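Coordinate inspection notes
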Amino acid sequence: MSQNEMVLQQLNQGLLTIIMNRPDRRNALNPDMTRGLVDAARRAAEDHEVRAVLLKGAGGTFCVGGDVKSMAEGRAPLSFEAKMVNLRRGMEVSRILHQMQKPVVAQLDGAAAGAGLSIALACDLRVASASCKITTAFAKVGLSGDYGGTYFLTQMLGSARARELYLTSPVLSAQEAYNLGMVTRVVPDAEVEAVAHDLAMSLAQGPSITLGYIKRNINNAETMSLEECFDAEAIHHSRSGETLDHKEAAKAFVEKRKPVFQNH
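Per-chain numbering applies: the sequence of each chain, read as written, is numbered from 1 onward. In view of the model being predicted, local features appear only for residues whose pLDDT reaches at least 70, and side-chain atom pairs are presented and counted only at 80 or more, with totals across whole chains, interfaces and linings using the full set of residues. Calculated side-chain values reflect all of the structure's heavy atoms, with hydrogen atoms and water omitted.

A separate point is the overall build of the protein chain. When you go through the protein chain residue by residue, the secondary structure sums to 13 helices and nine strands. Two things to know: the radius of gyration comes from C-alpha atoms, and the globule rule equals 2.2 Å times the number of residues to the power 0.38. Relative to a compact globule of 264 residues, whose C-alpha radius of gyration would be 18 Å, the protein chain shows 19 Å and is just as compact. With the principal axes as the frame, the protein chain shows a C-alpha extent of 65 × 40 × 35 Å. Relative accessibility thresholds used throughout: buried, under 20% of the residue-type maximum; exposed, over 50%; partly exposed, between the two (1.4 Å probe, protein chains only). Taken over 264 residues, the protein chain has a buried fraction of 45%. Taking contacts inside the protein chain between residues at least 6 apart in sequence as the whole, the part at least 24 apart equals 69%. With residues, only the protein chains shown are counted as cover, and all accessible areas are computed by Shrake-Rupley using a 1.4 Å probe. For the protein chain, the accessible surface area stands at approximately 13700 Å², while carbon and sulfur atoms represent 56% of it. The charge count treats Lys and Arg as positive and Asp and Glu as negative. His and the chain ends do not count. A charge is said to be at NZ when it belongs to Lys, at CZ for Arg, at CG for Asp and at CD for Glu. Averaging the locations of the 29 positively and 29 negatively charged side chains of the protein chain gives two centres separated by 2 Å. Only DSSP runs of H or I covering at least 4 residues are called helices, and only runs of E covering at least 2 are called strands; the numbering of each starts at the N terminus. The contact criterion used is simple: two residues touch if any of their non-hydrogen atoms lie within 4.5 Å.

Mapped onto the elements of the fold, Leu108 is located in strand 4 (residues 104-108). For Leu108, a relative accessible area of 0% puts it in the buried group. Measuring from C-alpha to C-alpha, the distance between Leu108 and Gly148 comes to 18 Å, with 40 residues separating the pair along the chain. Ignoring any residue separated from it by four or fewer positions in sequence, one finds Leu108 in contact with Phe62, Ala120, Arg126, Val127, Ala128, Ser129, Cys132, Ile134, Val183 and Val192.

Only buried residues count toward a nonpolar core, which is a set of Ala, Val, Leu, Ile, Met, Phe, Trp, Tyr and Cys residues joined through side-chain atoms within 4.5 Å. Counting residues in each nonpolar core, the largest one holds 47 residues, and the members touching the most others are Leu37, Leu55, Phe62, Leu97, Leu108 and Ile134. Setting aside chain neighbours within four positions, we find Ile134 in contact with Leu108, Ala112, Leu117, Pro170, Val171, Leu172, Ala174, Ala177, Met182 and Val183. In this structure, Ala52, Val105, Leu199 and Leu203 belong to the second largest nonpolar core, which totals 14 residues.

Most of strand 3 (residues 52-57) sits inside the fold, with six of its six residues counted as buried. Residue alternation in strand 3 divides its side chains into two sets, Ala52, Leu54 and Lys56 and Val53, Leu55 and Gly57, and both sets are buried. Bridging between strand 2 (residues 15-20) and strand 3 involves six bridges; their strand directions are parallel. Paired with Leu15 across the bridge in strand 3 is Ala52. Strand pairing is defined by DSSP finding a minimum of two bridges between the two strands. As paired elements, strand 3 and strand 4 share three bridges and run parallel to each other.

Attention now goes to helix 7 (residues 149-157). Within the sequence span of helix 7, burial applies to Gly149, Phe152 and Leu153. End-on view of helix 7: buried residues confined to an arc of 95°, all on one side of the axis. Where the residues of helix 7 are buried, they touch helix 5 (92-99), helix 6 (115-122) and helix 8 (159-167). Regarding the arc, it is the one traced by the directions from the helix axis to the C-beta atoms.

We now examine a nonpolar patch on the surface. Patch membership needs two things, relative accessible area over 30% and no salt bridge, and members are linked within 9 Å if like-charged or within 5 Å if nonpolar (Val, Leu, Ile, Met, Phe, Trp, Tyr). For this analysis, a salt bridge means a side-chain nitrogen from Lys or Arg found within 4 Å of a carboxyl oxygen belonging to Asp or Glu. The grouping of Val68, Val141 and Leu143 at the surface amounts to a nonpolar patch, some 230 Å² of accessible area in total. Of note, Val141 is situated in the loop between strand 7 (133-135) and helix 7.

All right, on to the side chain of Asn219 then. Looking at where Asn219 falls in the secondary structure, it is placed in helix 11 (residues 208-221). What makes Asn219 buried here is its relative accessible area of 15%. Two N or O atoms form a polar contact when they lie within 3.5 Å of each other; inside protein one atom must be a possible hydrogen donor and the other a possible acceptor, and for residues adjacent in sequence the pair counts only when both atoms belong to side chains. A polar atom in the side chain of Asn219 sits 2.9 Å from the backbone oxygen of His98. Asn219 has contacts with His98 and Gln99, leaving out every residue within four places of it along the chain.

Here it is as structure tokens:
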């Protein structure tokens with residue numbers, strides 16, 4: 001299977017759907033897939049026609065993480081430096097998804113484990129099917145974690161809970177993950193695809209510039225001081241107030257109708 005076939009992209013009405021496509025391996029990450037994911041994420045961030053992203057896996061599974069079977073087959077070992085470079089290059093997908101000024105929705109079904117969970121945590125919203133299994137997984141395969149999972153989980157849940165989930169690596173049900181705050185919504189298995197798509201499409205049809213500023217404000221809160229966040233909020237609020245989308249939303253509010261955003 002070629003790199004392009006491993007990561008499919010579909011653009012429709014401003015929504016870019018990115019599909020991890022190794023269903024026979026439950027979408028386990030290998031070098032070709034990680035390169036494809038980074039390329040797709042970079043395209044999403046840079047393409048002005050893309051206003052929101054939906055990330056999903058083919059065959060009823062999101063992603064079970066790294067291809068442990070291939071690791072265990074003992075192919076020609078890479079040097080430590082080469083491993084570092086390759087891993088860091090692949091991890092860019094999480095950074096881009098997290099930082100791009102466009103909302104990203106992950107559709108979690110089947111399983112989200114290891115690096116797959118890390119990538120899901122890099123997204124803004126996560127819609128999970130009721131039967132989805134969620135786990136950090138790394139400790140059970142003798143690895144410490146990658147793709148930003150420790151960062152995102154610590155930011156999301158606090159260090160105490162992140163330590164528990166990484167050190168003991170429990171397998172959580174979708175409802176348990178929801179109760180912890182790891183997923184946005186849990187829906188019946190038969191509905192997850194439609195619900196995730198509808199949510200992502202609603203964001204793609206929303207006031208894109210403003211949604212990008214909202215995402216930047218929240219990302220700023222992870223690293224900036226209160227004063228710096230205030231300054232950034234003031235700038236972004238003022239800029240979003242100058243958009244035609246804001247004017248349309250204000251007019252629609254007065255006229256008691258749903259706004260029609262033109263994304264400018």
